[in-house]
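Chains, contacts and geometry: an overview
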Amino acid sequence: MNQLHITYTILFLWLLLCSIQDIKKKKINIYLILAGLAGFFVLLISMTWNGEFNFLFCLGGMSLGLILLCLSFITKGQIGTGDGLIVCITGLCLGFSRNAMLLAVSLLASAIFSIVLLTFKLAGRKKTIPFVPFLLIGYMGVLFFG
């Protein structure tokens, strides 16, 4: 198993932990986010030295998360800051195109879930749903089909 597969496996487990926390508390602990950021940054620096990644790849991947962070600020928290930070971290590992695919699949899955909730009157329009589990679904989609 090469370092890239190890990184993808660790990212999956980290997203799973974040998803569980998001479902339970509708909030991600900042220490979990910082641990993910620090851990993946160290992994990617070592991979960069081995020639498996480059800095622009990582920076491009983070750009989508940075856009979400800006949208979180503009919408006064309607989009979670934690969601933006998590998309930054997934972008470190996946790069721009795969992170864009992850975000698109995640948004589609959350939209379908919301439509089902609204259709069966299980929730109203103002109900918030945790987004990180959909990021995990999108990540699995990217890994298996991307």
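Note: the structure precedes this text.
The next thing to look at is the packing of aromatic side chains. Going through the model one piece at a time under the given rule, you end up with two aromatic pairs. Ring centres of Trp-14 and Phe-40 lie 5.9 Å apart, and the angle between their planes is 75°; this geometry places the pair in the edge-to-face category. Of this pair, Trp-14 sits in helix H1 (residues 3-25) while Phe-40 sits in helix H2 (residues 30-49), and the two are 26 residues apart along the sequence. Each member of the pair, Trp-14 as well as Phe-40, carries the same accessibility label: buried.

As a further point, take a nonpolar patch on the surface. Among the surface-exposed residues, Leu-108, Ile-112, Val-116, Phe-120 and Leu-122 lie close enough to one another that they form a single nonpolar patch of about 530 Å² accessible area. Take Ile-112: it is sitting in helix H4 (residues 81-119).

About the thresholds
Residues numbered from 1 in each chain as written. Predicted model: local features only at pLDDT ≥ 70, side-chain atom pairs only at ≥ 80, totals over all residues. Heavy atoms only, no water. Phe/Tyr/Trp six-rings, centres within 6.5 Å; stacked < 30°, edge-to-face > 60°. Helix = DSSP H or I, 4+ residues; strand = E, 2+ residues; numbered from the N terminus. Buried < 20%, exposed > 50% of the residue type's maximum accessible area, 1.4 Å probe, protein only. Patch = residues over 30% accessible without salt bridge, like charges linked within 9 Å, V, L, I, M, F, W, Y side chains within 5 Å. Areas by Shrake-Rupley, 256 points an atom, 1.4 Å probe, with all protein chains shown as cover. Salt bridge = Lys/Arg side-chain N within 4 Å of Asp/Glu carboxyl O.

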